[in-house]
Amino acid sequence: MPDAPATNMNMIEAINDALSVAMERDLDVTVLGEDVGYFGGVFRATAGLQKTYGKTRVFDTPITECGIVGVAVGMAAYGLRPVPEIQFADYIYPALDQLVSEAARLRYRSAGEFPMPITVRSPFGGGIFGGQTHSQSPEAIFTHVCGLKTVIPSTPYDAKGLLLAAIEDNDPVIFFEPKRIYNGPFDGHYDRPVQPWAKHPASLVPSGHYTIPLGKAALVREGQDLTVLAYGTMVHVALSVVEELGVDADVVDLRTLMPLDIETIESSVKKTGRCLVIHEATRTGGFGAELSALVQERCFYYLEAPVERVTGFDTPYPHSLEWAYFPGPIRIGMAIEKVMKD
Amino acid sequence: MSRSNLPPLRLHVPEPPARPGEEADFSHIDILPAGVTPRPDSAADSATMRDLAYGLVRVLDDEGNAVGPWNPRLSPDVLRRMLRAMALTRAFDDRMFRAQRQGKTSFYMKSLGEEAVSIGAAFALQRDDMCFPSYRQQGILIARDWDLVDMMNQIYSNKGDRLKGRQLPIMYSAKDASFFSISGNLTTQVPQAVGWAMASAARGDTRIAASWCGEGSTAEGDFHAALTFATVYRAPVVLNVVNNQWAISSFAGFAGAESTTFAARAVGYGIAGLRIDGNDALAVYAATAWAAERARTNHGPTLIEHFTYRAEGHSTSDDPSAYRSSEERSKWPLGDPVARLKAHLIAIGEWDEARHAAQDLELAEQVKAAAKAAEKNGILGHGMHQPFATMFEDVFEDMPWHLKEQSAQMMSERMRKWPKPGEGPR
């Protein structure tokens, strides 16, 4: 950690601080999106930025995600470094053509004439009773697209460092913020009291500038018997379950799905011989399938058991049955039993 | 479920006035005389000029005179340069179309009949105004004196192609000509142009942006998102809709032309809308200059509908005789843009048939020489492409491990195909 003085922040405050640091350092950084300006965003992630940096650098937009990202592509072509917010990841689909066919491909198709340093921030994931239109985890749609980076932080400290790295990156980045843990880490027990970030060591966020490189995972717990691969909210759920079950596990917080830190994954699985992949997104064609395939391709002769996946179910996110859907401690526990057997 | 006392509902599916074998019918098109449309001040409130979205700004009349308030009063020298750029575009198209037919490349798209749209605009804009074209504005590059060999290298996807053979032919990118990378996904460039213009305004720059899309693709959501952003932020942008009547085989009725004009889309957004004779280079110049002045003086965006006709197929992959009357091209009531500008120059005593014929010969030679130079860099499918490893470059600024692995895999496949050293391309 840098030597700068640190304060306790929740993830929203850390993201807001990262945006402020980025805007202070670089005049090209421009924030746009629905409700991000005067009001400061429905989750308050852009609070105060318009007052500090002015209306031409932080502004509200019409409700058209296609337009928001299309305009961001044009701004990047001009030479700015736009940071559009898509209010919920569930709303990102109208912007898909601009992301998939334009932002992601422009460096390639123009042979470097028009790089696209755009960071699309968007709250994602469930566990907040958001129903099917405020709970989705569409990360695998973006990891499937060549030319996009996908980043998902799990703590305030990481959120700030990764967001600054994403904004400074010269390629387009999808930055998904797990909104369930905006205000505190989540152990997966929805019926227990919510914990604030303040008690968590990674809520201590240094002031000023620092980055966490994209493509580097964090080994957040070290063990010998099992490798758990997770990101976002599920890192905290995984840690809690592993502790409760007393499993001696490595827990790897991937932090960046694309590019992926394959070295950390490989060395951990080769050490433990067992691997559990966890994500909240739907199962079929999810990023867990990619992780499972990679582990199988690269670590097959080290594996003691088939790679296990714990995911959301292949249904829309159900409102009233949210906790039966969510890949919580029971589903993870059952998977651990299976992967640890013989 | 029907109720016996109510008439049955009917679904209207548009049908063009003429199909193959039928007489071309343009009777539904109202052609206003040249010179009759008033020219408002470029700073005027868009609400005061809604009629212009339903009219037709024309400068060149049938006798080749430039008339009325929209006459841009260009010097003979500028007129001759415009004519030359239009004729060069036509010669270029002709040669590249034939090159495709000769198997030298996979694909080509001509702009025959639409040369005035891009060249009139390019002459009215500053060279550093940023253009976000669609696939039929090659005339902009030619008007900006871009190297024909560079364009042909792209068409041939050869080893001289700056875009490394990655893009379908004609999907140029030329940042130094303020010409944005062309996308095959329609109308994505329109909100991008608005975003570029917003950035320019936010920075207190003086450059403006312009975009082009076809009438068919105004149906895309991006178009409407762009118009919303353009009006909300009064973006300094000129949004061009090239209404060439046909979107591949779908006539303009499938984009809404039976009920209104495309310029009238501007009215609902509170944007200035001009509907102009797109085969009249002077009308295109004048409308673009007006819109550029409006943008540059912070009076916001303009939507220009260029009323024109796609005289050829959509592309080399298209056969228009399968869906439209073959008479349409010759009966198009707004004529040919090159012939009309030429007639004007002759009418004012600044040009003649002999000079025109000599220029056509000279331009054909210029294009031929460029094609020969480009072909030295290779033609598509004959091995003179970019090195294989370039496939993996520029996906990201820095190549991640998985692309390095895939690059090695691809190279090992090439080695298996050509095992001996020096064999096959590398």
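Residues numbered from 1 in each chain as written. Chains lettered and ligands numbered in written order. Predicted model: local features only at pLDDT ≥ 70, side-chain atom pairs only at ≥ 80, totals over all residues. Heavy atoms only, no water.

**Some words on the overall build of chain A**
Then comes step 1: Check the secondary structure of chain A and you find 12 helices and 14 strands.
Then comes step 2: In summary, chain A has a C-alpha radius of gyration of 19 Å against a globular reference of 20 Å for 342 residues, a match within 12%.
Then comes step 3: With respect to the three principal axes, the spread of C-alpha positions in chain A is 60 × 45 × 45 Å.
Then comes step 4: With 342 residues in all, chain A has 65% of them scored as buried.
Then comes step 5: In chain A, of all internal contacts separated by at least 6 residues, the share reaching a separation of at least 24 is 79%.
Then comes step 6: Put simply, chain A shows about 12,400 Å² of open surface, and 54% of that area lies on carbon and sulfur atoms.
Then comes step 7: Between the averaged position of the 28 positive side-chain charges in chain A and that of its 42 negative side-chain charges there is a distance of 1 Å. (Helix = DSSP H or I, 4+ residues; strand = E, 2+ residues; numbered from the N terminus. Rg over C-alpha atoms; globule rule 2.2 N^0.38 Å. Buried < 20%, exposed > 50% of the residue type's maximum accessible area, 1.4 Å probe, protein only. Contact = heavy atoms within 4.5 Å. Areas by Shrake-Rupley, 256 points an atom, 1.4 Å probe, with all protein chains shown as cover. Lys, Arg positive; Asp, Glu negative; His and termini not counted. Charge placed at Lys NZ, Arg CZ, Asp CG, Glu CD.)

**With respect to the confidence of the model for chain B**
Then comes step 1: In this model, chain B carries an average pLDDT of 96, and 99% of its residues clear a pLDDT of 70 or more.
Then comes step 2: Interface confidence for the predicted complex, given as ipTM, is 0.97, next to a pTM of 0.97. (pLDDT = per-residue confidence, 0-100.)

**Considerations on the domain arrangement of chain A**
All names here are of chain A.
Then comes step 1: For chain A, the domain assignment lists domain 1 (8-206) and domain 2 (218-341).
Then comes step 2: With centres defined by C-alpha atoms, the gap from domain 1 to domain 2 works out at 25 Å.
Then comes step 3: Carbon and sulfur atoms supply 61% of the area buried between domain 1 and domain 2, which totals about 2,600 Å² over both sides.
Then comes step 4: Considering only the side of domain 1, the residues that lose the most area to domain 2 are Phe129, Ile152 and Phe186, jointly responsible for 20% of the buried surface there.
Then comes step 5: Across the contact surface, domain 1 and domain 2 share two salt bridges.
Then comes step 6: A salt bridge links glutamate 244 to arginine 192, with the shortest nitrogen-to-oxygen separation between them at 3.5 Å. (Domains from an automatic or database assignment. Buried area = accessible area lost by both parts, 1.4 Å probe. Salt bridge = Lys/Arg side-chain N within 4 Å of Asp/Glu carboxyl O.)

**Quick notes on the interface of chain B and chain A**
Then comes step 1: Every contact between the two is made by 45 residues of chain B and, on the other side, 44 residues of chain A.
Then comes step 2: Carbon and sulfur atoms make up 61% of the surface buried where chain B meets chain A, a total of about 3,700 Å² over both sides.
Then comes step 3: At the junction of chain B with chain A, the criterion picks out three salt bridges.
Then comes step 4: Measuring nitrogen to oxygen at the nearest pair gives 3.0 Å for the salt bridge that ties glutamate 113 of chain A to arginine 162 of chain B.
Then comes step 5: Where chain B touches chain A, the interface holds 24 residue pairs in polar contact (both at pLDDT 80 or more).
Then comes step 6: Mapped onto the side of chain B that touches chain A, the elements with two or more residues apiece are α5 (189-202), α6 (221-232) and α12 (401-417) of chain B.
Then comes step 7: Top element by residues in the side of chain B that touches chain A is α5 of chain B. It accounts for nine residues. (Polar contact = N/O pair within 3.5 Å; in protein donor to acceptor, adjacent residues only side chain to side chain.)

**Observations concerning the environment of glycine 278 of chain B**
Residues and elements named next belong to chain B.
Then comes step 1: When you line up the elements, glycine 278 lands in the loop between β6 (272-277) and α8 (281-296).
Then comes step 2: For the pair formed by glycine 278 and glutamate 328, sequence separation is 50 residues and the distance between their alpha carbons is 16 Å.
Then comes step 3: If we ignore the near neighbours within four places in the chain, the residues touching glycine 278 are Ala116, Val117, Val284, His306, Phe307 and Thr308.

**A word on the nonpolar core**
Inside soluble globular proteins, nonpolar side chains tend to come together where they are buried.
Then comes step 1: By size, the foremost hydrophobic cluster in this structure holds 81 residues, and its most contacted members are Phe92, Met96, Met152, Ile170, Tyr172 and Trp212 of chain B.
Then comes step 2: Here this core takes 13 residues from helix α1 (residues 76-101) of chain B, the largest share from any one element.
Then comes step 3: When residues no more than four places from it in sequence are discounted, the contact partners of methionine 152 of chain B are Phe92, Met96, Val367, Ala370, Ala371 and Ala374 of chain B.
Then comes step 4: By size, the runner-up hydrophobic cluster in this structure holds 78 residues, among which are Leu80 and Leu106 of chain A together with Val190 and Ala235 of chain B. (Core = buried A, V, L, I, M, F, W, Y, C linked by side-chain atoms within 4.5 Å.)

**A look at the sheet that holds β6 of chain B**
Residue and element names in this part refer to chain B.
Then comes step 1: As summarised here, the arrangement of the five strands in space is β1-β2-β3-β7-β6, forming an open sheet in which the pairing is parallel. A single partner strand is all that each edge strand has here, and the edge strands are β1 (130-132) and β6. Recorded for the sheet is a direction-independent mean angle of 20° between the axes of neighbouring strands.
Then comes step 2: Pairing of β6 with strand β7 (residues 302-307), which is carried by six bridges, proceeds in the parallel orientation. Along β7, the bridge assignment pairs leucine 274 with isoleucine 304.
Then comes step 3: Packing of α6 onto the sheet brings it into contact with β2 (209-214), β3 (237-243) and β7, and relative to β3 it is tilted by some 150°.
Then comes step 4: Along the sheet, α8 contacts β3, β6 and β7; its crossing angle with β6, the most-contacted strand, is approximately 165°. (Pairing = 2+ DSSP bridges. Axes fitted to C-alpha atoms, helices over the stretch in contact; angles between N-to-C directions.)

**With respect to unusual backbone geometry**
Then comes step 1: The peptide bond linking methionine 258 of chain A to proline 259 of chain A adopts the cis configuration, its omega dihedral lying at -5°.
Then comes step 2: On the secondary structure map, proline 259 of chain A appears in the loop between β12 (256-258) and α9 (262-272).
Then comes step 3: For alanine 111 of chain A, which is not glycine, the phi dihedral falls at a positive 50°.
Then comes step 4: Unusually for a residue other than glycine, isoleucine 248 of chain B sits at a positive phi of about 45°.

**Remarks on the pattern of salt bridges**
Where charged atoms of side chains with opposite charge meet at close range, the side chains can pair.
Then comes step 1: Evaluation of the coordinates by the stated rule reveals 44 salt bridges over all chains.
Then comes step 2: Across the pair aspartate 169 of chain A and lysine 149 of chain A runs a salt bridge, and its minimum N-O distance is 2.9 Å. Separated by 20 residues along the polypeptide, aspartate 169 of chain A in the loop between α7 (156-168) and β7 (173-178) and lysine 149 of chain A in strand β6 (residues 149-151) bring together distant segments of the chain.
Then comes step 3: Using a relative accessible area of 14% as the deciding quantity, one classes aspartate 169 of chain A as buried.
Then comes step 4: Taking the shortest distance from any N to any O, the salt bridge between glutamate 114 of chain B and arginine 136 of chain B comes out at 3.9 Å. Remark: arginine 136 of chain B occurs in the loop between β1 and α3 (138-143) and glutamate 114 of chain B occurs in the loop between α1 and α2 (115-124); sequence separation between them is 22 residues.
Then comes step 5: For glutamate 114 of chain B, a relative accessible area of 2% corresponds to the buried category.
Then comes step 6: Of the residues examined, arginine 136 of chain B reaches a relative accessible area of 4% and is grouped as buried.
Then comes step 7: Members of the salt-bridge network, linked through shared partners, are Arg107, Lys149, Asp169 and Asp171 of chain A.

**Focus: the packing of aromatic side chains**
Then comes step 1: Going through the model one piece at a time under the given rule, you end up with 27 aromatic pairs over all chains.
Then comes step 2: Ring centres of phenylalanine 26 of chain B and tyrosine 309 of chain B lie 6.2 Å apart, and the angle between their planes is 80°; on these two criteria the pair is classed as edge-to-face. Of this pair, phenylalanine 26 of chain B sits in the segment before α1 while tyrosine 309 of chain B sits in the loop between β7 and α9 (328-331), and the two are 283 residues apart along the sequence. Tyrosine 309 of chain B carries the same exposure label as phenylalanine 26 of chain B, and that label is buried.
Then comes step 3: Taken together through their ring pairs, the aromatic side chains of Phe43, Phe88, Tyr91 and Tyr182 of chain A make up a single cluster.
Then comes step 4: In this arrangement the basic side chain of arginine 180 of chain A is found over the ring face of phenylalanine 186 of chain A, its NZ or CZ atom lying 3.7 Å from the centre.
Then comes step 5: For the cation-ring pair, lysine 110 of chain B lies above phenylalanine 97 of chain B, with the distance from its terminal atom to the ring centre recorded as 4.7 Å. (Phe/Tyr/Trp six-rings, centres within 6.5 Å; stacked < 30°, edge-to-face > 60°. Lys NZ or Arg CZ within 6 Å of the ring centre and 35° of its normal.)

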